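# Structural characterization, general
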Amino acid sequence: MRSAEAAVDGEDVRRVVALAIDALRDADADAWEAKAGTLEWTCWETLEHLADDLFTYAARFGLAKPPTSALLPFRTSSDRNGGPANVIFVDRAGGAEGLLTVVEACGGLLTSVLRTAPSDTVAYHVFGPSDPEGFAAMAVVEVLVHTHDITQGLNLEWSPPGELCERVLKRLFPHHAAVDGDAWEILLWATGRTALSDRPRLTEWRWYGTRGAS
């Protein structure tokens, strides 16, 4: 187990993706079209979106000089009105196992790219330009909360490591650093998924990937 003070990096991405896949592997094959938690997307769409996040994060750092003011010009599309707009789509013929394989591959790609990216490299994100550590933390949050959404729809359990939740909270949500309680519950609250005993559920939220911003 890593210290709660340790930086977030690509190995954390690999670790949390592996944990998420383990949690989702035993899902009922017929349940993937259920809504994912409070989202308007299905469980399949949400996991496909997660793969897309991991891939597009990696693509930014594939460039010697990543763009800092715009996304890469991939062509995105949606399978249906209201569905996520992705670059990555998974062949339905591969079933859930194929979907999980693509998520693992995209997570591994991001892990590898983050391992070699200079620490002072900065790339664009809609919540502010960020460095490799920031993107590692963003990827971890994406995996943590979207796996929560999906396990709600699939009626599965998901309890991620508390120290990892604490590290991404400190890196991306410094404006909530003073909130007391379980780091996983605070992260779910900070991303609009739930209420805390003394705080209502958030209807708007964001993280701060640019170091020093809040």
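Before reading further, recall that the structure is shown in the block above.
Predicted model only: the values in this text are computed from it and were never measured. (Residues numbered from 1 in each chain as written. Predicted model: local features only at pLDDT ≥ 70, side-chain atom pairs only at ≥ 80, totals over all residues. Heavy atoms only, no water.)

## A few points about the nonpolar core
Side chains that are nonpolar tend, in soluble globular proteins, to be buried together. Ranked by internal contacts, the top residues of the largest apolar core, which has 63 residues, are Val13, Trp32, Leu47, Leu54, Leu144 and Leu187. Looking at this core, the elements with two or more residues in it are α1 (10-24), α2 (43-60), α3 (95-116), α4 (132-154), α5 (162-172) and α6 (183-190). Each residue touching valine 13, except ones within four places of it in the same chain, is listed here: Leu54, Gly107, Leu110, Thr111, Leu114, Ala136, Ala139 and Val140. (Core = buried A, V, L, I, M, F, W, Y, C linked by side-chain atoms within 4.5 Å. Buried < 20%, exposed > 50% of the residue type's maximum accessible area, 1.4 Å probe, protein only. Helix = DSSP H or I, 4+ residues; strand = E, 2+ residues; numbered from the N terminus. Contact = heavy atoms within 4.5 Å.)

## Description of the layout of surface pockets
What the largest pocket holds in volume is close to 680 Å³. Of all elements in the fold, only α2 and α4 reach the threshold of two or more residues within the lining of the largest pocket. When residues of the lining of the largest pocket are assigned to their parent elements, the largest contribution, six residues, is made by α2. Here the residues of the lining of the largest pocket sort into 16 nonpolar, nine polar and six charged. (1 Å grid on protein atoms, 1.4 Å probe; cavity = no way out; pocket = protein on both sides within 12 Å on 5 of 7 lines; lining within 4 Å. Points joined across faces, edges and corners; volume = space filled by probe spheres on them. Nonpolar A, V, L, I, M, F, W, Y, C, P; charged D, E, K, R; others polar.)

## What to know about unusual backbone geometry
One non-glycine residue, asparagine 155, adopts positive backbone phi at about 60°. Exposure remark for asparagine 155: the relative accessible area of 71% places this residue in the exposed category.

## A closer look at empty space enclosed by the protein
This model, assessed by the stated rule, comprises one cavity of 30 Å³ or more. Estimates place the volume of the largest cavity at around 30 Å³. Forming the walls of the largest cavity are Glu45, Glu48, Asp79, Arg80, Gly83, Pro84, Phe89 and Arg92. Classifying every residue of the lining of the largest cavity by side-chain character gives two nonpolar, one polar and five charged.

## Focus: the pattern of salt bridges
Counting across every chain of the model gives 14 salt bridges. One salt bridge in this structure joins arginine 171 and aspartate 131, with 2.8 Å as the shortest N-O distance. In this pair, arginine 171 sits in helix α5 while aspartate 131 sits in the loop between α3 and α4, placing the two residues 40 residues apart along the sequence. One salt bridge in this structure joins glutamate 133 and arginine 211, with 2.2 Å as the shortest N-O distance. Note that glutamate 133 is positioned in helix α4 and arginine 211 in the segment after α6, a separation of 78 residues in sequence. Residue class for arginine 211 comes out exposed when judged on its relative accessible area of 52%. Sharing partners across several salt bridges, the network here consists of Asp12, Arg15, Glu163 and Arg167. (Salt bridge = Lys/Arg side-chain N within 4 Å of Asp/Glu carboxyl O.)

## What to know about the state of the cysteines
Cysteine pairs can be linked by a disulfide, which is a covalent bond between their two sulfur atoms. Across all of its chains, the model carries zero disulfides by this definition. Residue cysteine 165 stays outside any disulfide, its sulfur separated by 20 Å from that of cysteine 43, the closest cysteine. Here cysteine 165 falls in the buried class, since its relative accessible area comes to 0%. (Disulfide = S-S within 2.5 Å.)

## Some points on the packing of aromatic side chains
Applying the stated criterion across every chain yields a total of five aromatic pairs. Taking the centre distance of 5.2 Å and the plane angle of 80° together, the rings of phenylalanine 61 and phenylalanine 135 count as edge-to-face. A residue pair is termed long-range when its members are at least 10 positions apart, and phenylalanine 61 in the loop between α2 and α3 and phenylalanine 135 in helix α4 qualify at 74 residues. On the accessibility criterion, phenylalanine 61 (8% relative accessible area) is buried. A relative accessible area of 0% places phenylalanine 135 in the buried class. An aromatic cluster of three or more residues is present, and its members are Tyr57, Phe61 and Phe135. (Phe/Tyr/Trp six-rings, centres within 6.5 Å; stacked < 30°, edge-to-face > 60°.)

None of the figures reported here should be taken as evidence of function without further support.
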